[in-house]
Amino acid sequence: MRIHFTGIAGAGMSAVALMMRDAGHQVSGSDADVFPPMSTYVAGLGFPVTYRFDAANLPPDLDVLVLGASAKLGGEDNPEVVAARSRGVAITNFAELVGRFTGERINTVIAGSFGKSTCTALMAHILRQAGVDAGWMIGAISASLPETGHWGQAPDMVLEGDEYIIGNGDLRSKFALYHPQHLLLTSLIHDHVNVFPTFADYEVPFVDLLKALPAEGICVLRHHPAICAVAHETSARVVWYDTEPCEGWFSRNIVYGETSTFTLVGPQGQAVDLATRLLGAHNIENIVGVGAYLLTRGLVSPRAFAAGVASFEGIRRRLDRLTTTSRVPVIEGFGSSYEKARSAIEAVRLHFPHRPLTVVFEPHTFSWRSRDALNWYDTVFEGAARVLICPPPGHGAASHQQSTFGEILARTAATGTPTLGVETAVEAIEALSHLKGDEIVLLLSSGPLLGLPDTLPRFLDERFS
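Throughout this document, residue positions are counted from 1 along each chain, in the order its sequence is written. Selection of residues for local features in this predicted model requires a pLDDT of at least 70, selection of side-chain atom pairs for listing and counting requires 80 or more, and totals for whole chains, interfaces and linings are taken over all residues. To obtain the side-chain values, all non-hydrogen atoms of the structure were included, while hydrogens and water were left out.

1. Focus on the sheet that holds strand β19 (residues 330–334)
Phase 1 of the analysis: Across the sheet, which stays open at both edges, the six strands sit in the order β18-β19-β23-β20-β21-β22 with mixed pairing between neighbours. Looking along the sheet, the strands with just one partner apiece sit at the ends: β18 (320–321) and β22 (419–421).
Phase 2 of the analysis: Strands are treated as partners if at least two bridges between them are detected by DSSP. Think of it this way: any DSSP run of H or I at least four residues long counts as a helix, any run of E at least two long counts as a strand, and we number them from the N terminus. In this sheet, β22 lies alongside strand β21 (residues 386–389) in parallel orientation, the contact comprising three bridges. Residue pairing for β22: L388 is matched across the bridge by L420.
Phase 3 of the analysis: Contacts are residue-level and defined by heavy atoms, with any inter-residue pair within 4.5 Å sufficient. Structural elements are reduced to axes, namely lines fitted to C-alpha atoms, with helices fitted over the stretch in contact, and the angle between N-to-C directions of any two is expressed from 0 to 180 degrees. Along the sheet face, helix α10 (residues 338–351) touches β19, β20 (357–361) and β23 (440–445) and points at about 165° away from the line of β23.
Phase 4 of the analysis: Against the sheet, helix α12 (residues 405–413) contacts β21 and β22, and its axis sits at roughly 165° relative to β22.

2. Thoughts on the packing of helix α5 (residues 116–129) against helix α9 (residues 302–311)
Phase 1 of the analysis: At a minimum axis separation of 9 Å, α5 and α9 run at an interaxial angle of 125°. Here α9 runs oblique to α5, going by the angle between their axes. Between α5 and α9 lies a crossing whose hand is right-handed. Contacts between α5 and α9 involve L122, H125, I126 and Q129 on the former and, on the latter, A304, F305, A307, G308, V309 and S311.
Phase 2 of the analysis: Polar here means any residue outside two lists: the nonpolar Ala, Val, Leu, Ile, Met, Phe, Trp, Tyr, Cys and Pro, and the charged Asp, Glu, Lys and Arg; Gly therefore counts as polar. Split by residue class, the contact of α5 with α9 holds six nonpolar, four polar and no charged. If an angle is under 35 degrees, it is roughly parallel; if it is over 145, roughly antiparallel; if it lies from 65 to 115, roughly perpendicular; otherwise it is oblique. Note: crossing handedness is left-handed where the near helix turns anticlockwise from the far helix by less than a right angle, and right-handed where it turns clockwise.

3. Focus on the side chain of R342
Phase 1 of the analysis: Relative to the helices and strands, R342 is located in helix α10.
Phase 2 of the analysis: Pairs of N or O atoms within 3.5 Å make up the polar contacts considered here, provided that, within protein, one atom can donate a hydrogen while the other can accept it, and that residues adjacent in sequence are counted only when both atoms are side-chain atoms. Engagement of the side chain of R342 in a polar contact is seen with the backbone oxygen of E382, the distance being 2.8 Å.
Phase 3 of the analysis: If we ignore the near neighbours within four places in the chain, the residues touching R342 are T379, V380, F381 and E382.

4. Here we look at the pairing of strand β12 (residues 182–185)
Every other side chain in a regular strand lies on the same face of the sheet, so the side chains alternate between the two faces.
Phase 1 of the analysis: Between buried and exposed lies partly exposed: a residue is buried under 20% and exposed over 50% of the maximum accessible area for its type, with that area taken using a 1.4 Å probe on protein chains only. Here β12 shows a buried face lined by H182 and L184 and a second buried face lined by L183 and L185.
Phase 2 of the analysis: Examined bridge by bridge, strand β6 (residues 106–111) and β12 share four bridges and lie parallel to one another. Along β12, the bridge assignment pairs I110 with L184.
Phase 3 of the analysis: Bridge count for β12 against strand β13 (residues 218–222) is three bridges, and the pairing is parallel. Pairing of L185 across the sheet is with L221, part of β13.

5. Regarding the nonpolar core
Here is a general trend for soluble globular proteins: nonpolar side chains tend to be buried in one another's company.
Phase 1 of the analysis: Core analysis: the biggest nonpolar cluster contains 56 residues, and F5, M20, M137, Y178 and L183 have the highest contact counts within it.
Phase 2 of the analysis: It is helix α1 (residues 11–22) that contributes the most residues to this core, seven residues altogether.
Phase 3 of the analysis: Residues enter a nonpolar core if they are buried and are Ala, Val, Leu, Ile, Met, Phe, Trp, Tyr or Cys, with the set joined through side-chain atoms within 4.5 Å. In this structure, W136, I138, L264 and L274 belong to the second largest nonpolar core, which totals 39 residues.

6. Section: the packing of aromatic side chains
Phase 1 of the analysis: Pairing of aromatic rings covers Phe, Tyr and Trp, the last through its six-membered ring, and needs centres within 6.5 Å; plane angles under 30 degrees mean stacked, over 60 mean edge-to-face, and all others mean tilted. The tally for this structure, following the rule as stated, stands at 11 aromatic pairs.
Phase 2 of the analysis: Taken together, the ring pairs in this structure connect Y338, F361, W368, W376, Y377 and F381 into an aromatic cluster.
Phase 3 of the analysis: Geometrically, a lysine NZ or arginine CZ counts as sitting over a ring once it is within 6 Å of the ring centre and also within 35 degrees of the ring normal. The side chain of R318 reaches across the aromatic face of F334, ending 3.8 Å from its centre.

7. Some remarks on the environment of S336
Phase 1 of the analysis: Counting through the fold element by element, S336 comes out in the loop between β19 and α10.
Phase 2 of the analysis: Judged by relative accessible area, which is 11%, S336 ranks as buried.
Phase 3 of the analysis: When the C-alpha positions of S336 and F114 are compared, they lie 9.6 Å apart, and in sequence the two are 222 residues distant.
Phase 4 of the analysis: When near neighbours in sequence (up to four residues on either side) are disregarded, S336 contacts T365, W368 and S446.

See the structure below:
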């Protein structure tokens, strides 16, 4: 089958394209206005990619066009979509494609408001290192894996399950199409307020996911009040985990440092000593969840699990250290939601408690730009000494009540944290050029952030080497 991906630089889109290539299909893709790290990653995928949308990009023998959901793609007005329709080519989305082709696999869905990318990548890495050729689909780039998508020859398929809707014309959550046999649910905190206005709305697709599990499945759940409240909805075997003692798997004796150590304790008294270079309490939680799943199912030995945790290098934009010689470290986090931003800030404060923290933030997602979420700015930057905020982008603004740049700045400044708006990389670097040398800088966004992940580390490496 020949498949073309319109919007190939989407993290999920490129992962599925790689899965389909591994499965023996011919794939190609197109996109526009892409930025690192995905632009760099897509350039090395090894199949044809064009950086414009044009009917000429479609192969003459095309069987399926997979259309991404980003507002920048133009939807039904995209020239590739128009051409595909005129030729009678089937048009689908990547979630439908995944569901169609993995229906006969043993699908493990990893879902939650946060932690799912790290857990999926960690699980795939541990299985791969242990010699299990499972398939995987991850919406983020990990240095520990060769690619974000892999078909694999083993029966198991590990899928990052996104609760976000397929598109404006299809309000189903993506993970609803993945035929889950097993589930790891990391968290349940209100997110994506533009499509789930209330927590009750947000909870519905997760409840449906729990109900979809077969009775013989394994359902690994974080011991958290919101998840406890819906756990009865599944007929699968429930296995709990937490960073505090619980009836399932938990961590004890945590020692944080450049390499953090702790012991994973199982419900039958199992004890596995672990070491990780990942930062933050939330990553200890992620490791516990993945361990609860893999060790409960017996997919790897405790020794193989510990080896995989120790060698896992994390994923891009999840607390990566971007500087190499600077006395002022630049850490890049993923700030697509309130909980993810808070987790990143808390992790940096935990590991660097005595350094003044400057956060450089871009409100890139619809939720951060929505007036319904302006109250997030009241507390999200707690612990920061200073905040620089970049302008919100404009794509898709007509689909919701978008806050202005001024409203976001004013709401943040009202907390008493020194706040500065920066509209160009030059302005941001100028604002950071007066650092003394004992600080730490955290970049937070799911967007391009004015190109600062590329330019700022070089500047600080030269200034504070």
